[in-house]
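Observations on chain architecture
One-letter residues, chain by chain:
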Amino acid sequence: MTERLIPPENPAISPASLAEAPRLLDVLIELCDDLAWDRPASEAELYRLTAQSAGPPQLVRLAEAFGLMLVKLEARKMNREDLIRELAEKNQALTEGRDFLARRNQALTQAVYETYGPRQMVGQCPAIRRVTEMAMSIAHRPINTMILGPTGAGKEVVAKMIHYNSARRESDFIAVNCTAIPETLFESEMFGIEKGVATGVNQRRGLIEAASGGTLFLDELGEMSLANQAKLLRVLEEKEVQRVGGSRPIPVDLLVISATNADILTAVEHKRFREDLYYRLNVAEVRLPPLRDRGNDVLLLARLFLGRHAARLGRPPLDLSREAAALLQHYPWPGNVRELNNEMERAAALTVGEIITPADLSPRLRGEEQPRETEWRRPPETKPEETGPVLQNLERQAIVETLARHGSNKTRAARELGLSREGLRKKLKRLGLE
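Residues numbered from 1 in each chain as written. Predicted model: local features only at pLDDT ≥ 70, side-chain atom pairs only at ≥ 80, totals over all residues. Heavy atoms only, no water.

**Quick word on the packing of helix 4 (residues 126-140) against helix 5 (residues 155-164)**
Between helix 4 and helix 5, the least distance of the axes is 8 Å, while the angle of their chain directions is 40°. For the element pair helix 4 / helix 5, the angle class is oblique. In this structure, the crossing between helix 4 and helix 5 has a hand that is right-handed. Here helix 4 contributes Val-131, Ala-135, Met-136, Ile-138 and Ala-139 to the contact with helix 5, which in turn contributes Val-158, Met-161 and Ile-162. Across the contact of helix 4 with helix 5, the residue classes break down as eight nonpolar, no polar and no charged. (Axes fitted to C-alpha atoms, helices over the stretch in contact; angles between N-to-C directions. Helix = DSSP H or I, 4+ residues; strand = E, 2+ residues; numbered from the N terminus. Parallel < 35°, antiparallel > 145°, perpendicular 65-115°, else oblique. Left-handed = near helix turned anticlockwise from the far one by under 90°. Contact = heavy atoms within 4.5 Å. Nonpolar A, V, L, I, M, F, W, Y, C, P; charged D, E, K, R; others polar.)

What follows is the structure, encoded as structure tokens:
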């Protein structure tokens, strides 16, 4: 048994190499510990062990294997450091991008708040003050609201005031024109659609789902069909929506603000609008007055719009003459605030001077609306002896209107008429208009 423990003699291994073996093993163990604990390894000692006859062949090969392992570990360490540095740079870029977007979002939120804040509701009449107070009360405690008023009175502006001053302002405000959605597409547009329902159809969220957490604004609600009213009512009652082709309902959290210029109560009485949907939507009611009933608010709004459009067009500030202001106040404004805004945009674009005169306003405001008939009409026959006075009257009228448009500025009027200033003076004298 004792003889089996004695290793056979190997003439290639010298007694000195065998004697050195324990120390070499200790060196390799120390190298392993250094590598395991990420301490600097004695590479010079490792390379010495790989020299020929440094020790038994098995230990030399083991040292060589350690050398290869150390090279690969150093390469991996370098790659890891490069990766960490690259990730740190990308993380820095992402942090800067996130901070930029946060600042941008805050700026946009502030801009939206300033645009739809209570101070932006221009008007001093009691009716508008009541509308503003009620809108802000609803914004603090959001409930389904119905806004009633004539076309162009600013119903969507009030709806956005409620949304952007409420706790839902961070979510979307989804506006839906109920008259713009075809009957056959109502479900897919409002409820969404699943992929594969038809060839080439992709999955799409509906408008109701998109408004979840925010505000759904239903404009022209009175024009919605009875069939679609029933579908909408179910969504509001169940607080969930099911996409076309879908198999599971999707919960939704909605604040619904609706608007109509129709007599909604009459529609309810005549069964053209569902009574249960009416009471579901009309938890709070806001009534907007027509512009003709708002007194001096007409001039406040006119000057506000005029200033905005002049700035947009790069013009100096414009103002209204006394006569133009009187026309604005006495005009009935069937198109309400929207019509007034359009009128001020037209005046800002076409007025030559810096004062808006009656001649700068639309003919309908001056009571000179042109006939609506579009067919060609033969002018009345004129006798030869009447031709001279007729032409003279037309000339007189053209000169008077041109001077009025230019605030009696003869130089500008003459330029438009294709005359010199002296030529215009002579015509004025000849026509008795000096």
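**Quick look at the packing of helix 11 (residues 297-312) against helix 12 (residues 322-330)**
Where helix 11 contacts helix 12, the two axes come as close as 9 Å, and the packing angle between them is 120°. Taken together, helix 11 and helix 12 sit at an angle that is classed as oblique. Handedness of the crossing formed by helix 11 with helix 12: right-handed. Residues Val-298, Leu-299 and Ala-302 of helix 11 touch helix 12, and the partners they reach there are Ala-325, Leu-328 and Gln-329. Here the contact of helix 11 with helix 12 is built from residues that sort into five nonpolar, one polar and no charged.

**So, the pattern of salt bridges**
One pass over the structure, following the stated rule, counts 16 salt bridges. A salt bridge links Lys-231 to Glu-187, with the nearest nitrogen and oxygen atoms 3.0 Å apart. One end of the pair, Lys-231, is in helix 8 (residues 226-238); the other, Glu-187, is in helix 6 (residues 186-191), with 44 residues separating them in the sequence. Residue class for Lys-231 comes out partly exposed when judged on its relative accessible area of 29%. The exposure class of Glu-187 is partly exposed, given its relative accessible area of 34%. Note that Glu-237 and Arg-280 form a salt bridge whose closest N and O atoms lie 4.0 Å from each other. Taken as a pair, Glu-237 in helix 8 and Arg-280 in helix 10 (residues 275-281) lie far apart in primary sequence, 43 residues in all. Beyond isolated ion pairs, a larger network of salt bridges with shared partners links Glu-194, Glu-209 and Arg-243. (Salt bridge = Lys/Arg side-chain N within 4 Å of Asp/Glu carboxyl O. Buried < 20%, exposed > 50% of the residue type's maximum accessible area, 1.4 Å probe, protein only.)

**A few points about the sheet that holds strand 8 (residues 255-260)**
The strand order across the open sheet built from five strands is 2-5-8-1-9, with neighbouring strands paired in parallel fashion. The two strands at the open ends of the sheet, each matched to only one other strand, are strand 2 (173-177) and strand 9 (284-287). Strand-to-strand, the axes of this sheet are offset by a mean angle of 20°, without reference to chain direction. Sheet topology note: the strand 1 (residues 145-148)/strand 9 ladder contains four bridges and is parallel. Each bridged residue has a counterpart across the sheet, and for Leu-148 the counterpart in strand 9 is Arg-287. (Pairing = 2+ DSSP bridges.)

**A word on unusual backbone geometry**
One can expect most non-glycine residues to show negative phi and most peptide bonds to be in trans. Of note in the backbone geometry, Glu-220 takes a positive phi value of approximately 55° without being a glycine. As for its position among the elements, Glu-220 is in the loop between strand 5 (215-219) and helix 8. Positive phi, normally seen in glycine, also occurs at Trp-333, with a value near 50°. With respect to the helices and strands, Trp-333 occurs in the loop between helix 12 and helix 13 (336-350). Exposure remark for Trp-333: the relative accessible area of 0% places this residue in the buried category.

**Here's the deal with the packing of aromatic side chains**
Any pair of aromatic rings gets described here by the distance separating the centres and the angle formed by the planes. Counting across every chain of the model gives five aromatic pairs. Judged by centre distance (5.8 Å) and plane angle (25°), the rings of Phe-173 and Phe-217 are stacked. Of the two residues, Phe-173 is situated in strand 2 and Phe-217 in strand 5; the sequence distance between them amounts to 44 residues. Ring centres 5.1 Å apart and planes at 75° place the aromatic pair Tyr-278 and Tyr-279 in the edge-to-face group. The exposed category is assigned to Tyr-279, whose relative accessible area is 53%. One aromatic cluster is present, formed by Tyr-164, Phe-173 and Phe-217 through successive ring pairs. (Phe/Tyr/Trp six-rings, centres within 6.5 Å; stacked < 30°, edge-to-face > 60°.)

**Details of the nonpolar core**
Counting residues in each nonpolar core, the largest one holds 32 residues, and the members touching the most others are Met-190, Ile-208, Leu-216, Leu-218, Leu-254 and Phe-273. Elements with a minimum of two residues in this core: strand 1, strand 2, helix 6, helix 7 (207-210), strand 5, helix 8, helix 9 (264-269) and helix 10. Ranked by residue count, the leading element in this core is helix 8, at four residues. With 23 residues, the next largest nonpolar core counts Leu-299, Leu-328, Val-337 and Leu-365 among its residues. (Core = buried A, V, L, I, M, F, W, Y, C linked by side-chain atoms within 4.5 Å.)

**Focus: helix 5**
Of all 10 residues in helix 5, seven are buried, a share of seventy percent or more. Here helix 5 has its buried residues at Lys-155, Val-158, Ala-159, Lys-160, Met-161, Ile-162 and His-163. On its buried face, helix 5 is in contact with helix 4, strand 1, strand 2, strand 5, strand 8 and strand 9.

**Some remarks on the environment of Ala-413**
Secondary-structure assignment places Ala-413 in helix 15 (residues 410-417). Judged by relative accessible area, Ala-413 falls into the buried class, the value being 1%. Taking the C-alpha atoms as reference points, Ala-413 and Leu-424, separated by 11 residues in sequence, lie 8.4 Å from one another. Look past the residues within four positions of Ala-413 in its chain and what remains in contact with it is Thr-402, Leu-403, His-406 and Leu-424.

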